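Summary of the model geometry
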Amino acid sequence: MKIEIRPAFDEAVMAAELPVRKAAAKMLVLLQALDLPELWKHSGLNFEKLHGMIEPTTGRQLYSLRVTGSARAIACLLNGPTLVLVSLHVQHDKAYRR
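**Some thoughts on the packing of aromatic side chains**
All chains considered together, the criterion is met by three aromatic pairs. Between tryptophan 40 and tyrosine 63, the ring centres sit 5.5 Å apart and the planes meet at 85°, which makes this aromatic pair edge-to-face. Remark: tyrosine 63 occurs in strand β3 (residues 61-68) and tryptophan 40 occurs in helix α3 (residues 36-41); sequence separation between them is 23 residues. Given a relative accessible area of 41%, tryptophan 40 falls into the partly exposed group. Pairing phenylalanine 47 with tyrosine 63 gives two aromatic rings, centres 4.8 Å apart and planes at 15°, and the pair type is stacked. Here tyrosine 63 lies in strand β3 and phenylalanine 47 lies in the loop between α3 and β2 (48-54), a separation of 16 residues in the sequence. Across the pair, exposure class does not vary: phenylalanine 47 and tyrosine 63 are buried alike.

**Re the environment of leucine 83**
With respect to the helices and strands, leucine 83 occurs in strand β5 (residues 82-90). Taking relative accessible area as the criterion, leucine 83 reaches 0% and is therefore assigned buried. Contacts of leucine 83, omitting those with residues within four sequence positions, involve Met1, Lys2, Ile3, Glu4, Leu31, Leu39, Phe47, Leu65, Ala75, Cys76 and Leu77.

**Digging into the nonpolar core**
Formed by 24 residues in total, the largest nonpolar core has its most connected members in Met27, Leu31, Leu39, Leu65, Val67, Leu83 and Leu85. At the level of elements, α1 (7-15), α2 (18-33), β3, β4 (71-78) and β5 are the ones that each hand at least two residues to this core. Contact partners of methionine 27, with chain neighbours within four places excluded, come to Phe9, Leu45, Leu65, Arg66, Val67, Ala73 and Leu85. In this structure, Leu50, Leu62, Val84 and Val86 belong to the second largest nonpolar core, which totals six residues.

**Quick word on the pattern of salt bridges**
Following the criterion strictly, the structure yields three salt bridges and no others. Notably, a salt bridge pairs glutamate 55 with arginine 6, separated by 2.9 Å at the nearest N-O pair. Taken as a pair, glutamate 55 in the loop between β2 and β3 and arginine 6 in the loop between β1 (2-5) and α1 lie far apart in primary sequence, 49 residues in all. You can call glutamate 55 buried: its relative accessible area is 3%. Relative accessible area serves as the criterion here: at 15%, arginine 6 is assigned to the buried category.

How each quantity is defined
Residues numbered from 1 in each chain as written. Predicted model: local features only at pLDDT ≥ 70, side-chain atom pairs only at ≥ 80, totals over all residues. Heavy atoms only, no water. Phe/Tyr/Trp six-rings, centres within 6.5 Å; stacked < 30°, edge-to-face > 60°. Helix = DSSP H or I, 4+ residues; strand = E, 2+ residues; numbered from the N terminus. Buried < 20%, exposed > 50% of the residue type's maximum accessible area, 1.4 Å probe, protein only. Contact = heavy atoms within 4.5 Å. Core = buried A, V, L, I, M, F, W, Y, C linked by side-chain atoms within 4.5 Å. Salt bridge = Lys/Arg side-chain N within 4 Å of Asp/Glu carboxyl O.

Okay, structure coming up:
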C-alpha cells in the first residue's frame, strides 16, 4: 500500500512525546507491508470508518487508526490504494470521558 503523509500529521508526530513518535514510525512500517484487505482485518490498528466525516481537501471518507492507546491517526483512502495520513490526535480517549 502506498502511504501519503500530510504536513499536519507530520507536524503533530514531531511535536508528540517520544513513545507516540516511536509508535507512529512502527505504524508506518507496518502500513507499508499491508494491502487494503489486510489493513481492514488488522486488529492492532483498529482501522475504522468515522461516520459522517469527510476530508475537506479530497472529499473522501475519513478513517481512524490506532497509533497508541491514547493516540489515533486520521486518514482517508485514495484510488490506488493510497492511504493518506491527514492528522494525529493524542489523548484520544480523553475526548470521550465525562
